[in-house]
Amino acid sequence: MSIVEVRDIVKEYPSFRLEKVSFNVDEGKITGFIGRNGAGKTTTIKSMLNLIHTDGGEVDYFGKPLQGNETDVKRRIGYSTGTVNWYPRKKIRDIVNIEKRFYDTWDEAAYRKYMELFNLDESKTPMELSEGMKVKFNLLMALSHGAEVLILDEPTSGLDPFSRNELLDVFTGLKNDGVAVFFSTHIISDIEKCADDIVYISKGKIVAAMPKEGFMEKFSEEGETLEDTMLRMERGDFNE
């Protein structure tokens, strides 16, 4: 069942155009959003969340348009980027006590679980955290209010290989609980490990949006990894 539907999103910049981007994100699936830097991944994600003004297209969540239902929809989704914009000098516990007031679905047990899993210290401030721990804190906030959809922009950025694997295991557990996980990354091995579906964007256009197995069957040559396939496709050496 599609829980997010993106239809014909267009966004014009002086030197870049997002061209009628369309794809679905399914309930209980991990969807990997891949493409080289500058391909349009972050612009697409910001369009999905109405964080930028688009020049065309629509986004539906839970069968209803984001436009006109934004407050309700955003209570039911979690969003995280690879960077943190929290108050840098406030303690984590103080930031959390402010943030959780905005969610009537805040799950204190989930918050405590991920605090322990990510080995975060409530007495620290964001400016005292390493880059990897900042990413974990951002994810903690997205995971602690019962989100039915997670939309994550480069969530494994700055994490060491062990922490990345730990996070991918979290994604798999959430998927098994019916949560839709949509995340962009340039680390193709992460997609290979855990994604059910792939959305591949190149130069502002969706090249493919399909199950990972179907993607590999259609585009990969014998013996290729997903990363090998991506590199070859970026060179233009493939048949659509």
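Please refer to the structure higher up on the page.
Residues numbered from 1 in each chain as written. Predicted model: local features only at pLDDT ≥ 70, side-chain atom pairs only at ≥ 80, totals over all residues. Heavy atoms only, no water.

Draft legend 1. How the structure looks around the overall build of the chain. Helix and strand content of the chain: nine helices and 10 strands. Computed over C-alpha atoms, the radius of gyration of the chain comes to 18 Å, within 12% of the 18 Å expected from 2.2 N^0.38 for 240 residues, which places it in the range of a compact globule. Expressed as lengths along the three principal axes of its C-alpha atoms, the size of the chain is roughly 55 × 40 × 35 Å. Looking at the chain as a whole, 50% of its 240 residues qualify as buried. Restricting the contact set of the chain to residue pairs at least 6 apart, pairs at least 24 apart contribute 65%. In the structure as shown, the chain presents an accessible area of about 11800 Å², 46% of it carried by carbon and sulfur atoms. Taken together, the 32 basic and 42 acidic charged side chains of the chain have centroids lying 6 Å from each other. (Helix = DSSP H or I, 4+ residues; strand = E, 2+ residues; numbered from the N terminus. Rg over C-alpha atoms; globule rule 2.2 N^0.38 Å. Buried < 20%, exposed > 50% of the residue type's maximum accessible area, 1.4 Å probe, protein only. Contact = heavy atoms within 4.5 Å. Areas by Shrake-Rupley, 256 points an atom, 1.4 Å probe, with all protein chains shown as cover. Lys, Arg positive; Asp, Glu negative; His and termini not counted. Charge placed at Lys NZ, Arg CZ, Asp CG, Glu CD.)

Draft legend 2. Structural view of the pattern of salt bridges. Under the criterion given, the structure shown has 17 salt bridges. Note that Glu 19 is salt-bridged to Arg 17, the shortest N-O span being 2.3 Å. When its relative accessible area of 24% is taken as the criterion, Glu 19 is described as partly exposed. Assessed through its relative accessible area of 30%, Arg 17 is described here as partly exposed. When salt bridges that share partners are traced, they join Glu 5, Arg 7, Glu 58 and Asp 60 into one network. (Salt bridge = Lys/Arg side-chain N within 4 Å of Asp/Glu carboxyl O.)

Draft legend 3. The arrangement of the sheet that holds strand 3 (residues 30-34) in detail. Read from one edge to the other, the open sheet built from six strands follows the order 6-7-8-3-9-10, with strand pairing classed as mixed. Each end of this open sheet is capped by a strand with a single partner; those strands are strand 6 (77-81) and strand 10 (205-211). Taking each pair of neighbouring strands and ignoring which way they run, the sheet shows an average axis angle of 10°. In this structure, strand 6 lies alongside strand 7 (residues 149-153), joined through five bridges in parallel fashion. Bridging across to strand 7, Gly 78 finds its partner in Leu 150. Contacting strand 3, strand 6, strand 7, strand 8 (180-184) and strand 9 (197-202), helix 1 (residues 41-48) runs over the sheet at an angle of about 145° to strand 7. Strands in contact with helix 9 (residues 226-234) are strand 3, strand 9 and strand 10; relative to strand 9, the strand with the most contacts, it is inclined by about 25°. (Pairing = 2+ DSSP bridges. Axes fitted to C-alpha atoms, helices over the stretch in contact; angles between N-to-C directions.)

Draft legend 4. Spatial organisation of the sheet that holds strand 5 (residues 64-65). The four strands lie next to each other as 2-1-4-5, forming an open sheet whose pairing is antiparallel. Looking along the sheet, the strands with just one partner apiece sit at the ends: strand 2 (16-26) and strand 5. The pairing of strand 1 (residues 2-13) with strand 2 spans eight bridges and is antiparallel. Directly across from Tyr 13, in strand 2, lies its bridge partner Phe 16. Its contacts with the sheet put helix 1 on strand 1, strand 2 and strand 4 (56-61), and the angle it makes with strand 2 is roughly 65°.

Draft legend 5. Structural detail: the environment of Glu 108. As for its placement among the helices and strands, Glu 108 is situated in helix 4 (residues 108-117). Glu 108 sits 37 residues away from His 145 along the chain, and the two C-alpha atoms are 8.2 Å apart.

Draft legend 6. How the structure looks around the environment of Pro 155. Inspection of the secondary structure assignment puts Pro 155 in the loop between strand 7 and helix 6 (161-176). For Pro 155, a relative accessible area of 0% gives the class buried. C-alpha of Pro 155 to C-alpha of Asn 138: the two residues are 17 residues apart in sequence and 8.8 Å apart in space.

Draft legend 7. Molecular detail of the side chain of Ser 144. By the secondary structure assignment, Ser 144 is in the loop between helix 5 (131-143) and strand 7. Residue class for Ser 144 comes out buried when judged on its relative accessible area of 0%. A distance of 2.7 Å separates a polar atom in the side chain of Ser 144 from the backbone oxygen of Leu 140. Apart from residues lying up to four places away in sequence, Ser 144 is in contact with Thr 105, Trp 106, Asp 107, Ala 110 and Tyr 111. (Polar contact = N/O pair within 3.5 Å; in protein donor to acceptor, adjacent residues only side chain to side chain.)

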